[in-house]
Amino acid sequence: MNKLKHTILITGGAGFIGSNFITYFMKKYPNRRILNIDKLTYAGKADNLTEVENLENYHFIHGDITDSKLVNQLFREHDITGIINFAAESHVDRSINDAKAFGQSNILGTLTLLQAAQLDWDKKGELSNRRFHQISTDEVYGSLDSEGVFSEETPYDPRNPYSASKASANLLAKSFGYTYGMNVVISSSSNNYGPKQNEEKLIPTIISNALAGKSIPIYGDGKNIRDWLYVMDHCKAIDLIFHYGQTQATYNVGGSNEKTNIEIAAQVCEILDELAFSRRSALSIDSFKDLITFTEDRKGHDRRYAVDASKLTNELGWKPTEDFTEGLRKTVEGYVQKWKQTSLIH
Ligand SMILES: NC(=O)c1ccc[n+]([C@@H]2O[C@H](COP(=O)([O-])OP(=O)(O)OC[C@H]3O[C@@H](n4cnc5c(N)ncnc54)[C@H](O)[C@@H]3O)[C@@H](O)[C@H]2O)c1
């Protein structure tokens, strides 16, 4: 009956990275069955998946990964051969305002998936063959001064509830590897940018505020540094790590592309000055940069993240290919186009 060789459970696939990943993955592997479980929080959008939603081998489950009854049922009904766990509360600011949902989805949710997979795969004698891929972040390593980079050996030192919940999830995943011999792999990525990102995140906020003629808020002195990675480069890294990464290993994924927040804001505004010329004139400003406003710093704001991804390059041959200037332009163009479609102002 089932001619498809693999059924992969993807969680949080209606979010930014998950939806880009599913679209990429289903094009590349048309013979895989994909189950996508997503709670559709404020960050999850069914619209992100229009390219795959009608495919016969794509199945969407509107549900919560903390719901062990539902997750166990998925394992009973489908022969799940791998899991890629994207589902998470992902916004640091929200975690500072209310950390509870982060404990629920990021820690308890991961534990629920680990337990269900462990029970099912153990019964089938497949515990060491089938793969649990935990999607993580460089934020688990804490914050850097102006020198140094995070390697896979850097001790975890999370500083905010979001990164603490992601570090906890990684530790649980590692523990299932050590305790039960489960085939776990973790990838820890730097900041992603690209299409379909939630409007609360830095780059979409800069664009939407600029086009609305509102101030563009930048925390503190704007000199916090992030290492930016185009989302499709991340998806390609996940594909490689999921298939070929060593069992129980962690791989860092980064763009070697450090930028301060104020540099990002200025660059996005320059692109907008060109692409949304008439909007800028209508707002009577010389440049969208005029809207940049420094605000009170984020509590516990990590100063700098920088990732050493050489293990991934040396072992699996991965390298980011998107040039930052081009990737950012493409990203901004996409958001502006969408804005023009939904707005009466041009
Ligand atoms: N965005 C980045 O720059 C970045 C960088 C490194 C790592 N990550 C990690 O990658 C993953 C995806 O990040 P993103 O930016 O796409 O996040 P996102 O917030 O855009 O999407 C998260 C998705 O998870 C879903 N979700 C949340 N809680 C759930 C639950 N309990 N059950 C089922 N679904 C749930 C949401 O509905 C949403 O669709 C996260 O694990 C995040 O920690 C993100």
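Keep in mind that what you see is a predicted model, and the values were worked out from it rather than measured. (Residues numbered from 1 in each chain as written. Predicted model: local features only at pLDDT ≥ 70, side-chain atom pairs only at ≥ 80, totals over all residues. Heavy atoms only, no water.)

**Some points on the sheet that holds strand 7 (residues 191-193)**
Consideration 1: Pairing within the open sheet is mixed, and its 3 strands lie in the order 7-9-11. Edge positions in the sheet fall to strand 7 and strand 11 (258-260), since each has one partner strand and no second. This sheet shows a mean twist of 50 degrees between the axes of neighbouring strands, independent of strand direction.
Consideration 2: Pairing between strand 9 (residues 225-230) and strand 11: 3 bridges, direction antiparallel. By the bridge assignment for strand 11, Arg 226 is matched with Lys 259.
Consideration 3: On the sheet, helix 7 (residues 231-244) packs against strand 7 and strand 9 and is oriented at approximately 70 degrees with respect to strand 9. (Pairing = 2+ DSSP bridges. Helix = DSSP H or I, 4+ residues; strand = E, 2+ residues; numbered from the N terminus. Axes fitted to C-alpha atoms, helices over the stretch in contact; angles between N-to-C directions. Contact = heavy atoms within 4.5 Å.)

**Overview of the layout of surface pockets**
Consideration 1: When its volume is computed, the second largest pocket comes out at roughly 340 Å³.
Consideration 2: Along the wall of the second largest pocket there are 15 residues; nearest its centre are Gln 197, Glu 199, Pro 204, Tyr 335 and Lys 338.
Consideration 3: The set of elements that each furnish at least two residues to the lining of the second largest pocket consists of helix 6 (202-212) and helix 11 (324-342).
Consideration 4: The residue inventory of the lining of the second largest pocket, partitioned by class, reads 5 nonpolar, 5 polar and 5 charged. (1 Å grid on protein atoms, 1.4 Å probe; cavity = no way out; pocket = protein on both sides within 12 Å on 5 of 7 lines; lining within 4 Å. Points joined across faces, edges and corners; volume = space filled by probe spheres on them. Nonpolar A, V, L, I, M, F, W, Y, C, P; charged D, E, K, R; others polar.)

**As for empty space enclosed by the protein**
Consideration 1: This model, assessed by the stated rule, comprises 1 cavity of 30 Å³ or more.
Consideration 2: A volume near 30 Å³ is recorded for the largest cavity.
Consideration 3: What lines the largest cavity is Lys 174, Val 184, Val 185, Ile 186, Gln 248 and Ala 249.
Consideration 4: A per-element tally of the lining of the largest cavity places strand 6 (residues 183-189) first, with 3 residues.
Consideration 5: Of the residues belonging to the lining of the largest cavity, the class tally is 4 nonpolar, 1 polar and 1 charged.

**What about helix 11?**
Consideration 1: Over its 19 residues, helix 11 extends 27 Å from the first C-alpha to the last, a length consistent with the 27 Å expected when each residue adds 1.5 Å.
Consideration 2: Within the span of helix 11, buried status applies to Phe 324, Gly 327, Leu 328, Thr 331, Val 332, Tyr 335, Val 336 and Trp 339. The arc enclosing the buried residues of helix 11, seen along the axis, measures out at 165 degrees, which places them on a common side. Among the exposed residues of helix 11, those pointing more than 90 degrees away from its buried face are Glu 326, Gln 337 and Gln 341.
Consideration 3: The backbone nitrogen of Thr 325 has a side-chain oxygen 3.3 Å away, supplied by the residue at the start of helix 11, namely Asp 323. (Expected span 1.5 Å × (residues − 1). Buried < 20%, exposed > 50% of the residue type's maximum accessible area, 1.4 Å probe, protein only. Arc of directions from axis to C-beta. Polar contact = N/O pair within 3.5 Å; in protein donor to acceptor, adjacent residues only side chain to side chain.)

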